[in-house]
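Structural overview for review
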2 protein chains.
Amino acid sequence: MNIKLTICYDGTDFLGWQIQKKGRTVQEEVEKAIFSLTGERVKLVGSGRTDTGVSAMAQVANFKTESTIKPEKFSLALNTILPSDVKVLKSELVPDDFSARFSALKKTYEYKFYKSKVEIPILERFALRVNESIDVSKMQDAVEVFLGEQDFKCFLKSGSSVKNTVRTIYDAKIFEKDDCFIFSVTGNGFLYNMVRTMVGSLLLVGEGKITKETLSEIIKTGDRKRVGRTVLAKGLLLKEVVYQQNTTYCG
Amino acid sequence: MNIKLTICYDGTDFLGWQIQKKGRTVQEEVEKAIFSLTGERVKLVGSGRTDTGVSAMAQVANFKTESTIKPEKFSLALNTILPSDVKVLKSELVPDDFSARFSALKKTYEYKFYKSKVEIPILERFALRVNESIDVSKMQDAVEVFLGEQDFKCFLKSGSSVKNTVRTIYDAKIFEKDDCFIFSVTGNGFLYNMVRTMVGSLLLVGEGKITKETLSEIIKTGDRKRVGRTVLAKGLLLKEVVYQQNTTYCG
């Protein structure tokens, strides 16, 4: 059986998704839970990595098992084993050729930030504090420069070996939610740190340091030195991963 | 000088507001920060206690000082000393007879909950998970039974020595916010655990175990045995404390 898991985690105390030689990762916690449930050492394939400190509302992963546990029962069974900062929201049977990584059509990330002179402890866990003087309406106006199929090599980390830096952004917006602002971006894929550097670049626009037109030009010329900083991981949330088969597979 | 502080804290790792013989409290952290800033051992008066695990968006407290630090500068100065889970949002000069406790006119508490079959790690810190079958519209309809000046002795903990159990509730409502529901209640004061037991009682209504009329009758008859459970502290937030002087005092 090929089982698809939808996984939520608070990334604060994880060294990201992917198993490391040292340190606590989400992939390892879930693989360990599967082992203690089924006795099988499985390889859990995630839709993609998330970095240290990044959270997920709905990361998607899949694994192959010979267990006789009913697909939809994995969720509750794994949750009795998993620690409180990672839980399986849903488990379902998917076709053998489903891959959480390669079958993904698009992903939505959200980045949360709030304007305040002072750190607000009840917001700090999942949001970035920015200067009160930031003009969010300028940022809202500028997000459209990210839209469409473009070469985003300006966001590529120096030294990266990634060859193809063309990605398609289907949607990008900034809205208010729960005393904070959310930058929401949906694309067919993202380069390493791309969303966090998009936010850093939008903040340059909000600070009046660059215009929307300059940001557009930076993307077109691929000038890595002119993009904004990579903002803190804690504000980033993998919100959703969309697949063609988004309904339960009736095997 | 009499200084009023507006204080935000993440209550997760605190044994509540009030200083205890053992354990970490908000009052002690702020008093320690004032001592390291001014060298003075002050007595910080809070608008009221909050329990272990309860958070505050805007707890209010005051203290007397002979320091020459400008009133509005205390906030930033204390924040450089305070740990990340408690910060002073505002500091201001108030008249000598201002007491955070006795001058308070009304307080608003919020209780956050969400409906889900599974624990959602990114919501768990500040919200209670409730059964998916709960009918929130029934709860929304029932909140009005709390309104007005009433004897709330049904919410009094057994063995409590509190004499006057009459309180006035000015506003009570349940609304959706950020994937959760918020029970918001404003009153001139609250008995110990009153808000959390109000929520437990509303959940009985949402579960169909009692009707709105029964809840009203429980309050009228003061029958402590029939109220709902005291729900977990983590969902509770002291949102606001209102005073007559809500603007900065121009000493």
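For every chain, the first residue of its written sequence is number 1, and the numbers climb from 1 along that sequence. Chain A is the first chain written and ligand 1 is the first ligand written, with later ones labelled in order. Only residues with pLDDT of at least 70 are given local features in this predicted model, and only at 80 or more are side-chain atom pairs given and counted; all residues enter the totals for whole chains, interfaces and linings. Derived side-chain values reflect all non-hydrogen atoms in the structure, with water molecules and hydrogen atoms excluded from consideration.

**Here's the deal with the relation of the copies chain B and chain A**
The following threshold applies: Superposing the copies works by least squares over the C-alpha atoms of residues that have pLDDT at least 70 in both of them. Any two residues having at least one pair of non-hydrogen atoms within 4.5 Å are treated as being in contact.
Between chain B and chain A, the superposition needs a rotation of 180° and an axial shift of 0.0 Å, giving an RMSD of 0.0 Å. Such values leave the two copies arranged in the relation of a two-fold axis. Judged by C-alpha distance, B:D178 is the residue of chain B that lies nearest the rotation axis, at 3.0 Å. Interface residue correspondence from chain B to chain A reaches 100%, placing this contact among same-surface, isologous pairings.

**A word on the packing of helix α1 (residues 26-38) of chain B against helix α2 (residues 74-81) of chain B**
Residues and elements named next belong to chain B. Put simply, the rule reads: Orientation is described by lines fitted to C-alpha atoms, with helices fitted over the stretch in contact, and by angles between N-to-C directions that extend from 0 to 180 degrees. The way it works is that DSSP assigns letters per residue, a run of H or I at least four long becomes a helix, a run of E at least two long becomes a strand, and they are numbered from the N terminus. Throughout, the term roughly parallel applies to angles under 35 degrees, roughly antiparallel to angles over 145, roughly perpendicular to angles from 65 to 115, and oblique to all others. Amino acids are sorted into nonpolar (Ala, Val, Leu, Ile, Met, Phe, Trp, Tyr, Cys and Pro), charged (Asp, Glu, Lys and Arg) and polar (every other residue, Gly among them).
Across the interface, α1 lies against α2 with an axial gap of 9 Å and an inter-helix angle of 105°. Our classification of the angle between α1 and α2 gives roughly perpendicular. Residue-level contacts link A33, I34, S36, L37 and T38 of α1 to F74, A77, L78 and I81 of α2. Taken together, the residues of the contact of α1 with α2 sort by class into seven nonpolar, two polar and no charged.

**Quick notes on helix α6 (residues 212-221) of chain B**
All names here are of chain B. Here is the rule we go by: The rule is simple: take the accessible area with a 1.4 Å probe, protein chains only, and divide by the maximum for that residue type; under 20% is buried, over 50% is exposed, in between is partly exposed.
Taken together, the buried positions of α6 are K212, T214, L215, S216, I218 and I219. Contacts made by the buried residues of α6 are with α4 (136-142), β7 (148-151) and α5 (194-206). Just beyond α6, the residue with positive phi is G222, at close to 65°.

**Let's talk about the interface of chain B and chain A**
For clarity, the threshold we go by: Buried area: the accessible surface (1.4 Å probe) lost by two parts on joining, summed over both. Salt bridges are identified by distance alone: a Lys or Arg side-chain nitrogen within 4 Å of an Asp or Glu carboxyl oxygen. Two N or O atoms count as a polar contact when they lie within 3.5 Å, although within protein this holds only if one can serve as hydrogen donor and the other as acceptor, and sequence-adjacent residues are included solely when both atoms are side-chain atoms.
Tallying the contact residues gives 27 residues for chain B and 27 residues for chain A. Looking at the side of chain B facing chain A, the largest losses of area belong to B:V118, B:P121 and B:I122, adding up to 31% of the total buried there. On inspection of chain B and its partner chain A, the count reaches six salt bridges. Residues B:K177 and A:D178 are paired through a salt bridge, measuring 3.1 Å at the closest nitrogen-oxygen approach. Inspection of the region where chain B meets chain A yields two residue pairs in polar contact (both at pLDDT 80 or more).

**Brief notes about empty space enclosed by the protein**
To be explicit about the condition: In this analysis a 1.4 Å probe is tested at points of a 1 Å grid over the protein atoms alone, and where it fits but cannot get out there is a cavity; an open set with protein on both sides within 12 Å along at least five of seven lines is a pocket; lining residues have an atom within 4 Å of a point. Grid points are joined across faces, edges and corners, and a volume is the space filled by probe spheres set on the points.
Counted according to the given criterion, the structure contains one cavity of 30 Å³ or more. Approximately 660 Å³ is the volume attributed to the largest cavity. Taken together, 38 residues line the largest cavity, and the ones lying closest to its centre are A:K112, A:F126, A:D178, B:K112 and B:D178. Taken together, the residues that form the lining of the largest cavity break down as 18 nonpolar, four polar and 16 charged.

**Structural notes on the domain arrangement of chain A**
Residues and elements named next belong to chain A. Note the following rule: Domain start and stop points were drawn from an automatic or database domain assignment.
Each assigned domain of chain A is listed with its residue range as follows: domain 1 (2-103) and domain 2 (106-239). Across the boundary between the two partners, domain 1 contributes 16 residues, which contact 13 residues of domain 2. Approximately 1,000 Å² of surface area, both sides summed, lies buried where domain 1 meets domain 2, with 49% of it carried by carbon and sulfur atoms. When residues of domain 1 are sorted by the area they lose upon contact with domain 2, D51, V54 and S55 head the list and together hold 38% of the total. At the boundary of domain 1 with domain 2, the tally comes to two salt bridges. The residue R125 makes a salt bridge to D10 at a minimum N-O spacing of 2.9 Å. Applying the counting criterion to the domain 1 and domain 2 interface returns eight residue pairs in polar contact (both at pLDDT 80 or more). By residue class, the composition of the side of domain 1 that touches domain 2 is four nonpolar, eight polar and four charged.

**A closer look at unusual backbone geometry**
Residue and element names in this part refer to chain A. Its identity is not glycine, yet D178 carries a phi of approximately 55°, on the positive side. Among the structural elements, D178 can be located in the loop between β8 (166-177) and β9 (180-187). Classification of D178 by relative accessible area gives buried; the value is 16%.

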